[in-house]
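Spelled out from the first residue to the last, the chains are:
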Amino acid sequence: MVSFPTLRPRRLRNNKLIRDLVAETSLSEKNLILPIFVKENISEPEKIESMPGVFRYPPNDKLIKFVEDSYDNGIRAVILFGVPAYKDDVASSAYDKNGVIQRSVRLIKETFSDRLIVITDECTDEYTTHGHCGMVKTYNGSFYVDNDESLKVHARIAVSQAEAGADVIAPSSMMDGVVGAIRKALDESGFTNVLIMSYSVKYASTFYSPFRDAAYSKPAFGDRKTYQMDPRNAYEGLKEVELDINEGADILMVKPAHTYLDVIRLVKENYPEYPLAAYHVSGEYSMIKAAAINGWIDERTAVLEITTAIRRAGADLILTYYANDIARWLREGLPF
Ligand code: PBG
């Protein structure tokens, strides 16, 4: 005799209305952060070869036009990455009052004031000849990144970004104690209201390669494995998160996102009371883009599925180069 099931999960999938009614996860442009590259000494937006659809913007009316279009499209938060006019050993163009980030932040804030959240990536790799996320020293003839020397520079960059008007500082160096050093420096300079979004669990990932083309920030020698996390580790991320929380991080981040959904879930389950961001990074963007350009995948459906998966894993916020597309696509309705 055939027995028929009484509990039929399929009933909840009968049609789109019922599926929408019971959906566990939602996606909104309000939770997206748009990364923007700003570059010194150009006058027109510049294509990034390895990231089709993404540009470097000059800190002028072209940048404002792009931010305005994004704003009109529903975007309410941007994170800025700088490509400076000059590099040296100590990242001085990162804390220059007239550096590309400082000028861009001032320009955007003059136009948008508090209608838009301006976040600044805080690191030294784009501003140094060696391309590392801290100060490089030699010991017995070999190079290393000196943690505590680096903290002073990171604190100085953060204060300079806050002086320019940044709402949120996002330290991405993975130096031990960087959040605490920045929090202390910000507070002492009167920026107690400036938030810190920490790249808490940031892996030494190959998926940053297109970004390093975009920002010319490939390390001149060595790699980032002595400061960024080992892809084999998940639980170690909880230690990084715990430290960042104790040092004063307001928002946590896991990066990359699509490749590390398990880590997003782990952090969210252990620290549900902290807003969690996930960075859908350049390589994750470019892989979808390449497949889409070749006609191997439906870009819209793929991006919305992946972004929803990142939210489902536990991310509250998503940094993505697809932010503008997602905002537009969401108005057309979800593909589920
Ligand atoms: C460091 C930084 C990097 C990214 C964001 N901040 C590069 C790195 O750590 O090498 C990568 C972002 C991406 O790949 O989209 N300033």
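Thresholds, definitions, all that
- Along each chain, the written sequence defines residue order, and numbers are assigned to residues from 1.
- Totals for whole chains, interfaces and linings use all residues, but because this is a predicted model, local features are given only for residues with pLDDT of at least 70 and pairs of side-chain atoms are given and counted only at 80 or more.
- Excluding hydrogens and water, the side-chain figures rest on all heavy atoms present in the structure.
- Starting at the N terminus, helices and strands are each numbered in turn, a helix being any DSSP run of H or I of at least four residues and a strand any DSSP run of E of at least two.
- Type-normalised accessible area, obtained with a 1.4 Å probe on protein chains alone, sets the label of each residue: buried when under 20%, exposed when over 50%, and partly exposed for intermediate values.
- Pairing of aromatic side chains here covers Phe, Tyr and the six-membered ring of Trp, requires ring centres within 6.5 Å, and sorts the geometry by plane angle: under 30 degrees stacked, over 60 edge-to-face, intermediate tilted.
- Sitting over a ring, as applied to charges here, requires NZ of Lys or CZ of Arg to be within 6 Å of the ring centre and within 35 degrees of the ring normal.
- UniProt positions are given in the numbering used here, feature names are shortened, and annotations may be inferred rather than shown by experiment.
- Here, residues are in contact when the closest pair of their heavy atoms is within 4.5 Å.
- N or O atoms closer than or at 3.5 Å make up a polar contact, with two conditions inside protein: a donor-capable atom paired with an acceptor-capable one, and, for residues adjacent in sequence, both atoms drawn from side chains.

Now for unusual backbone geometry. Here the residue pair Lys 255 and Pro 256 is connected by a cis peptide bond, since its omega of -10 degrees sits within 30 degrees of zero. By the secondary structure assignment, Pro 256 is in the loop between β10 (251-255) and α8 (261-270). Although it is not a glycine, Ser 113 sits at a positive phi angle of roughly 50 degrees. On the basis of relative accessibility, which here comes to 42%, the residue Ser 113 falls in the partly exposed class. Positive phi, close to 50 degrees, is recorded for Asn 140, a residue that is not glycine. Relative to the helices and strands, Asn 140 resides in the loop between β6 (135-139) and β7 (142-146).

Taken as a whole, this structure holds 15 aromatic pairs when the rule is applied. Taking 4.6 Å as the distance between ring centres and 45 degrees as the angle between the ring planes, the aromatic pair formed by Tyr 285 and Tyr 322 counts as tilted. Residue Tyr 285 is located in helix α9 (residues 282-293), and its partner Tyr 322 is located in the loop between β12 (317-320) and α11 (323-332); the two are separated by 37 residues in the primary sequence. Look at Tyr 285 and you get buried, because its relative accessible area is 2%. In this structure an aromatic cluster arises from ring pairing among Phe 37, Phe 81, Tyr 199, Phe 211, Tyr 279, Tyr 285, Tyr 321, Tyr 322 and Trp 329. Over the face of the ring belonging to Tyr 208 we find Lys 255, whose NZ or CZ atom lies 4.3 Å from the ring centre.

Moving on, we get to the UniProt feature "active site" (unreviewed entry) in the protein chain. Those places that UniProt annotates as "active site" (unreviewed entry) correspond, in this numbering, to Lys 202 and Lys 255. The greatest C-alpha distance among the annotated residues, which extend across 54 residues, is 4.9 Å, indicating that they converge on a single site. Of note, Lys 202 is situated in strand β9 (residues 195-202). With near-sequence residues (within four places) excluded, Lys 202 lies in contact with Ser 172, Met 174, Tyr 208, Gln 228, Met 229 and Lys 255. A distance of 3.0 Å separates the side chain of Lys 202 from the backbone oxygen of Ser 172, its partner in a polar contact.

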